[in-house]
Amino acid sequence: MKEQIIFVSTNSFRTNRLLPAIEVLSKDYEIVCLSLGNGNIMLDLRSLYHLQLRSVFQRYLKLGIFNELIANEIRLGEKNIPYWYEGDIERVVEDLDLSRVRCVIYDDSRTAGHQIPKIIFEPWYNRLKSLGIPVIANAHGNVDDHRFLKFMTLERKKIYDELFLYGKYDKSRTHNAIRSHMHEVGIPENDLIKDRLGASKKSHVLVVLNRVNCKALKMDKSIIDNLQIQELWEKYRVPIIFKVKEPPPSGTEHASSEKQAIEKLLHDYYNRNRNNLSKEIGIIITEDEYQENMLLLDACCVISYGSTMCFKPIQADVPTIIIKEMGNVANFSDYHATISIEEDIIAKIDEWDLKLSERRRFLDNTLAGSLDYSSTAKYVQTVKRIIDDYKEKNTNQ
């Protein structure tokens, strides 16, 4: 019987980033997917996440290459509202057969501020450690130095042994004492861009927004005022798509608040500038109704905060502008097209073709495997090496 790898999935976006590597690993290992996805005391999101994840796996991976998809037990109280579910997940985790497991891969790297990973993963990690089974975590995302420390490096020896990072920039932010346990592997999903090179439909301009109006996070109207909407229309003559984040799963009252917030800001902007705006400008607002690669790779240009997804259009040679005031910068600090909102966006787009060498240096420094689309290979090789290293260590003890 094949040895096993347990893949812990808590978020569909982070899981998707890793699936090409999981597929390759499945040729040598039986993959057991432990679904601990979105859960909430108000909404039965765990069962929805489980169904979504099963669909993703069945669509992406070849039939039969993973052993089973373990769903969380859903216990409903009055009015069919699920109970808070630490106990449910704990029982699922404790019942796992670990006799053939050679490593655990976790799609995130954090427990801080997150109830389930902290309550469940810390005791489980100790059990795995006692059996000599390594736990590999994956970088939560592109975050500032404070959250990098909080969400990633402080968690070592709490919930993971080895941490997979995007590239050299992230590794340079780690402490020397743990740097040998930090591995530059890039983003396996981004290797698939290679098949889309030169095929962009250039059908729209994409503006990727962080939080618009979500609890304490509110976007200032000056962002919209300085996006040069009329100039973008005159340059490209295509619709402008504003992509907002889905609201956090904290109840039905937030279901459309982000969309409504950006609609309000855009209406206000139009009312103040109607005499200077073409009536033909098309505006589309979306959360996740459109496929991510279509949004990013079929764009004439992308304007965004420092979102992890922005590596994709940069790799695909789609002009991509990072606006500091819109959100995280971090990995994009040394990127030639990271600017302040007051700077000329159109001028930055126009100089895109002149900055190829700078862009290649940026990618080489921040995202391993991004220039030759080798992230999947790096990821798989590193997982196998870690398994072999821990196996040898356990043999010698």
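Preceding this paragraph is the structure being described.
Residues numbered from 1 in each chain as written. Predicted model: local features only at pLDDT ≥ 70, side-chain atom pairs only at ≥ 80, totals over all residues. Heavy atoms only, no water.

Engineer: Just to check I follow, could you spell out the pairing of strand β6 (residues 162-165) for this structure?
Structural biologist: Working note: regular strand, side chains alternate between the two faces of the sheet. By the alternation rule, side chains of β6 split into Glu162 and Phe164 and Leu163 and Leu165, which are all buried. Bridging between strand β5 (residues 135-138) and β6 involves 3 bridges; their strand directions are parallel. Note on β6: the bridge partner recorded for Ala137 is Leu163. Regarding topology, helix α5 (residues 145-151) serves as the crossover connection from β5 to the parallel β6, and that connection is right-handed. Relative to strand β7 (residues 182-184), β6 runs parallel, the two sharing 3 bridges. Residue Phe164 lies in a different strand from β7, and its bridge partner there is His183. (Buried < 20%, exposed > 50% of the residue type's maximum accessible area, 1.4 Å probe, protein only. Helix = DSSP H or I, 4+ residues; strand = E, 2+ residues; numbered from the N terminus. Pairing = 2+ DSSP bridges. Right-handed = clockwise from strand over helix to strand, strands pointing away.)

Engineer: Sorry, what's going on with the layout of surface pockets here?
Structural biologist: Where empty space is left becomes clear once a probe the size of a water molecule has been rolled over the atoms. The calculated volume of the second largest pocket comes to roughly 260 Å³. Of all the secondary-structure elements, those providing two or more residues to the lining of the second largest pocket are α9 (257-273) and β12 (283-286). When residues in the lining of the second largest pocket are grouped by element, the largest group, 5 residues, is from α9. (1 Å grid on protein atoms, 1.4 Å probe; cavity = no way out; pocket = protein on both sides within 12 Å on 5 of 7 lines; lining within 4 Å. Points joined across faces, edges and corners; volume = space filled by probe spheres on them.)

Engineer: It is not clear to me how the side chain of Arg173 should be interpreted in this structure. Could you clarify?
Structural biologist: Along the polypeptide, Arg173 turns up in the loop between α6 (168-172) and β7. We classify Arg173 as buried; its relative accessible area is 17%. There is a polar contact of 2.9 Å between the side chain of Arg173 and the backbone oxygen of Val143. Side-chain polar atoms of Arg173 contact the side chain of Asp170, separated by 2.7 Å. Those residues within four positions of Arg173 in sequence are excluded, and the remaining contacts are Val143, Asp144, Asp145, Phe148, Ala330 and Asn331. (Polar contact = N/O pair within 3.5 Å; in protein donor to acceptor, adjacent residues only side chain to side chain. Contact = heavy atoms within 4.5 Å.)

Engineer: What should I look at first to understand the nonpolar core in this one?
Structural biologist: A general tendency of soluble globular proteins is for nonpolar side chains to be buried together. Core analysis: the biggest nonpolar cluster contains 93 residues, and Ile6, Trp124, Ile224, Phe242 and Ile262 have the highest contact counts within it. Leaving out residues up to four positions away in the same chain, Phe242 has contacts with Val207, Leu209, Ile224, Leu227, Ile229, Ile262, Leu266, Ile283, Ile284, Ile285 and Thr286. Residues Cys33, Cys103, Val185 and Tyr390 belong to the second largest nonpolar core, which totals 20 residues. (Core = buried A, V, L, I, M, F, W, Y, C linked by side-chain atoms within 4.5 Å.)

Engineer: I tried to follow unusual backbone geometry on my own but got confused; where do I start?
Structural biologist: For residues besides glycine, phi is generally negative; the peptide bonds are generally trans as well. Notably, Gln228 is not glycine yet its phi reads approximately 55°, a positive angle. Relative to the helices and strands, Gln228 is located in the loop between α7 (221-225) and α8 (229-236). According to the relative accessible area criterion, Gln228 is buried, its value standing at 16%.

Engineer: What's the story with the side chain of Arg17 in this structure? I'm lost.
Structural biologist: Within the element layout of this structure, Arg17 appears in helix α1 (residues 12-25). Buried and without a salt bridge, Arg17 has Glu189 as its closest oppositely charged side chain, separated by 5.5 Å. (Lys, Arg positive; Asp, Glu negative; His and termini not counted. Salt bridge = Lys/Arg side-chain N within 4 Å of Asp/Glu carboxyl O.)

Engineer: Help me understand the environment of Ile5, please; the structure alone is not making it clear to me.
Structural biologist: Mapped onto the secondary structure, Ile5 falls in strand β1 (residues 4-9). Here Ile5 falls in the buried class, since its relative accessible area comes to 0%.

Engineer: Sorry, what's going on with the packing of aromatic side chains here?
Structural biologist: The relative placement of two aromatic rings is captured by the distance of their centres and the angle of their planes. For the structure on display, the rule yields 7 aromatic pairs. On the basis of an interplanar angle of 70° and a centroid distance of 6.2 Å, the ring pair of Phe332 and Tyr335 is categorised as edge-to-face. Accessibility classification places Phe332 together with Tyr335 in one group, the buried group. Counting every residue linked through ring pairs, the aromatic cluster contains Tyr166, Phe311, Phe332, Tyr335 and Phe362. The lysine or arginine in question, Arg173, covers the ring of Phe148, its NZ or CZ lying 4.2 Å from the ring centre. Lying over the aromatic face of Tyr390, Lys393 brings its terminal NZ or CZ to 4.1 Å of the ring centre. (Phe/Tyr/Trp six-rings, centres within 6.5 Å; stacked < 30°, edge-to-face > 60°. Lys NZ or Arg CZ within 6 Å of the ring centre and 35° of its normal.)

Engineer: Help me out: how do you make sense of the pattern of salt bridges in this one?
Structural biologist: Pairs can form between side chains of opposite charge whenever their charged atoms are close. Taken as a whole, this structure holds 19 salt bridges when the rule is applied. Asp28 serves as the salt-bridge partner of Lys384, at 2.6 Å between the closest nitrogen and oxygen. A residue pair is termed long-range when its members are at least 10 positions apart, and Lys384 in helix α14 (residues 375-396) and Asp28 in the loop between α1 and β2 (30-35) qualify at 356 residues. Given a relative accessible area of 41%, Asp28 falls into the partly exposed group. Between Lys168 and Asp364 there is a salt bridge, with the nearest N and O atoms lying 3.2 Å from each other. Of this pair, Lys168 sits in helix α6 while Asp364 sits in helix α13 (residues 356-366), placing them 196 residues apart in sequence. According to the relative accessible area criterion, Lys168 is partly exposed, its value standing at 37%. Assessed through its relative accessible area of 40%, Asp364 is described here as partly exposed.

Engineer: For this particular structure, what's the right way to read the sheet that holds strand β11 (residues 240-243)?
Structural biologist: Two orientations exist for strands paired in a sheet by backbone hydrogen bonds: parallel and antiparallel. Ordered in space as β12-β11-β8-β13-β14-β15, the 6 strands form an open sheet in which the pairing is parallel. Looking at which strands have only one partner, the edges of the open sheet turn out to be β12 and β15 (338-339). As paired elements, strand β8 (residues 204-208) and strand β13 (residues 299-304) share 5 bridges and run parallel to each other. Of the residues in β13, the one forming a bridge with His204 is Ala299. Of the strands in this sheet, β8, β11 and β13 touch α8, which is tilted by about 160° from β13. Together, β11 and β12 form the strand contacts of α9, whose direction differs from that of β12 by roughly 160°. (Axes fitted to C-alpha atoms, helices over the stretch in contact; angles between N-to-C directions.)

Engineer: Would you mind showing me how to read α8 here?
Structural biologist: In an α-helix, one turn spans 3.6 residues, which is why side chains three or four residues apart end up on the same side. Residues Ile229, Gln230, Leu232, Trp233 and Tyr236 constitute the buried set of α8. An end-on view of α8 places all buried positions within 160° of arc, on one side of the element. Check the buried side of α8 and you find it contacts β8, α7, β11, α9, β13 and α12 (345-350). At the exit of α8 stands Arg237, carrying a positive phi of roughly 55°. (Arc of directions from axis to C-beta.)

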